[in-house]
Amino acid sequence: MKYILFPFRLIWRVWFYLLMIVSVLVIAPFVLVLLSEEKYYSSFWKLMRAWSFFLIYAMGFRLEFERQEKLNPEKSYIFIANHTSLLDPWIMIASSKNPILFVGKKELSKVPLFGFFYKKAVIMVDRSDPNSRRKVYARIKKRLDSGLSIAIYPEGLVPTEEVVLAPFMNGAFNLAIQYEMPIVPQVYFDAKRLFSWDIFKGHPGVFRVKQLPFIQVEGLVIKDRKVLNQQAFDLLENELLNDKKYMKDTNLANNERKIKS
């Protein structure tokens, strides 16, 4: 049966890239203007939210949010989430009215057309270069002073589908402690299943997003980053492991049993 669906899933993926290309071309003039000066970033964010909802819903998805704590529009936060799908950034954009600045992989800047806007809207980091990571901190500090929040997917490289949650890198936790920003953990339960990295998998459905209680960092110092890292990892992992829909994939369940044994 799954082989019969391959052509339809391929067409569905082609539809996604067509949506991306056409919509990027339409909003390109507005994006160029709104990214010309940092003072326009809040307007740019509103445009990105509208675009994100359009892209998600035009692909046949729906969003279902559960927020256990409300954001303060006057505060800056560090947003983190599990990274399981190409649509994850759009899900995060749609989930927050607070303007967020993404820290992303430098490699994505090479994607045709998308890469041009990516370089303007994202603080890029070469994870293999320590100097690149240090420069990122300086750029982030400047943007935080203007009231923005930061989004980082701490798994770094996107894990394979057989991994429930890859170990976290410390960048997000260093920033949270250094600038005393609460961490906002988000869990994406369905992106891996509904819009896999494998183009022959996935289908329309509901993206469930759960925003967990914030992790406070007052009183912590940089040497506490590993403890903070583990606290955040455990929160997200427990949510994923206890979600029946997420774990119904036997490969994930079997893999997790192997890890725990």
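All of these numbers come straight from a predicted model, not from anything done at the bench.

A. Examining the overall build of the protein chain more closely. Of the regular secondary structure elements, the protein chain holds 10 helices and seven strands. When the 261 residues of the protein chain are sorted by exposure, 48% land in the buried category. Looking at the protein chain alone, contacts between residues at least 24 apart form 73% of all its contacts between residues at least 6 apart. Surface exposure of the protein chain reaches about 13,700 Å², of which carbon and sulfur atoms provide 60%.

B. Just the packing of helix α2 (residues 41–58) against helix α3 (residues 88–95), in detail. Remark: α2 packs on α3, axes separated minimally by 8 Å, with the N-to-C direction vectors making an angle of 120 degrees. For the element pair α2 / α3, the angle class is oblique. For α2 against α3, the interelement crossing comes out left-handed. Contacts between α2 and α3 involve Trp45, Met48, Arg49, Trp51, Ser52, Phe53, Leu55 and Ile56 from the first element and Trp90, Ile91, Ile93, Ala94 and Ser95 from the second. Among the residues making up the contact of α2 with α3, the classes are represented as 10 nonpolar, two polar and one charged.

C. Just α2, in detail. With 18 residues, α2 should cover 26 Å at 1.5 Å per step; its first-to-last C-alpha distance of 25 Å lies within 8% of that length. Listed as buried for α2 are Tyr41, Phe44, Trp45, Met48, Arg49, Trp51, Ser52, Leu55 and Ile56. Count one or two residues on from α2 and you reach Gly60, which has phi positive near 90 degrees.

D. Fine view of the pattern of salt bridges. Considering all chains together, one arrives at five salt bridges under this definition. For Arg208, the salt bridge identified is with Asp243, shortest N-O distance 2.8 Å. One end of the pair, Arg208, is in strand β7 (residues 206–211); the other, Asp243, is in the loop between α8 (225–241) and α9 (244–247), with 35 residues separating them in the sequence. A single burial state applies to Arg208 and to Asp243, both of which are buried. Across the salt bridge formed by Glu239 and Lys210, the nearest N and O atoms sit 3.0 Å from each other. Highlighted residues: Glu239 in helix α8 and Lys210 in strand β7, separated in sequence by 29 residues. Taking the relative accessible area as the measure of exposure, Lys210 reaches 14% and is therefore buried.

E. Broad picture of the sheet that holds β7. Taking strand neighbours across the sheet as the criterion, the seven strands line up as β1-β7-β6-β2-β5-β3-β4 in an open arrangement whose pairing is mixed. Two strands in the sheet have a free side with no partner beyond their single neighbour: β1 (62–67) and β4 (122–125). Neighbour-to-neighbour, the strand axes of this sheet turn through a mean angle of 25 degrees, independent of strand direction. Looking at chain direction, strand β3 (residues 100–105) and strand β5 (residues 149–152) are connected through three bridges and run parallel. From the neighbouring strand, Leu101 faces β5, where its bridge partner is Ile150. Against the sheet, helix α6 (residues 171–178) touches β2 (78–81), β5 and β6 (183–188), its axis set at about 155 degrees to β2.

F. Quick peek at the nonpolar core. Among the nonpolar cores identified, the biggest contains 75 residues, and Phe61, Ile78, Met92, Phe102, Ile150, Ile183 and Phe207 are the most heavily contacted of them. Considering every element that reaches this core, the biggest residue donor is helix α1 (residues 2–34), with eight residues. Beyond its immediate sequence surroundings of up to four residues, Met92 is in contact with Phe79, Ile80, Ala81, Ile100, Phe102, Ala151, Tyr153, Gln186 and Tyr188.

G. Representation of the packing of aromatic side chains. All chains considered together, the criterion is met by 14 aromatic pairs. Measuring from ring centre to ring centre gives 4.9 Å for Phe6 and Phe200, while their planes differ by 40 degrees; the resulting arrangement is tilted. With Phe6 in helix α1 and Phe200 in the loop between α7 (191–194) and β7, this residue pair connects regions lying 194 residues apart in the sequence. According to the relative accessible area criterion, Phe6 is partly exposed, its value standing at 25%. Under the relative-accessibility criterion, Phe200 is labelled partly exposed at 32%.

Reading the values: the criteria
Each residue is numbered by its place in its chain's sequence as written, counting from 1. Reporting in this predicted model follows two pLDDT cut-offs: at least 70 for local features of residues, and 80 or more for side-chain atom pairs to be given and counted; totals over whole chains, interfaces and linings ignore these cut-offs and use all residues. Values shown for side chains rest on all heavy atoms present in the structure; no hydrogens or waters enter the calculation. Put simply, DSSP H or I for four residues or longer makes a helix, DSSP E for two residues or longer makes a strand, and each gets a number counted from the N terminus. A 1.4 Å probe rolled over the protein chains alone gives each residue an accessible area, and that area as a share of the maximum for its type sets the label: buried under 20%, exposed over 50%, partly exposed in between. Residue contacts follow a heavy-atom distance rule, with two residues in contact if any of their heavy atoms lie within 4.5 Å. Surface exposure here means Shrake-Rupley accessible area, sampled with a 1.4 Å probe, where a residue is shielded only by the protein chains that are shown. Every axis corresponds to a line fitted to the C-alpha atoms, with the helix fit spanning only the stretch in contact, and the corresponding angles, defined between N-to-C directions, vary from 0 to 180 degrees. For this classification, under 35 degrees means roughly parallel, over 145 means roughly antiparallel, 65 to 115 means roughly perpendicular, and everything else is oblique. Left-handed describes a crossing in which the near helix is turned anticlockwise from the far one by less than a right angle; the clockwise case is right-handed. Polar here means any residue other than Ala, Val, Leu, Ile, Met, Phe, Trp, Tyr, Cys and Pro, which are nonpolar, and Asp, Glu, Lys and Arg, which are charged; Gly is therefore polar. Expected span, for any helix, means 1.5 Å times one less than how many residues it has. Only one rule defines a salt bridge in this text: a Lys or Arg side-chain nitrogen within 4 Å of an Asp or Glu carboxyl oxygen. Here, strands pair whenever DSSP counts at least two bridges between them. The definition of a nonpolar core used throughout is a set of buried Ala, Val, Leu, Ile, Met, Phe, Trp, Tyr and Cys residues joined through side-chain atoms within 4.5 Å. Any two of the Phe, Tyr and Trp rings considered here, Trp counted by its six-membered ring, make a pair once their centres fall within 6.5 Å; the pair's planes then place it as stacked at under 30 degrees, edge-to-face at over 60, or tilted in between.

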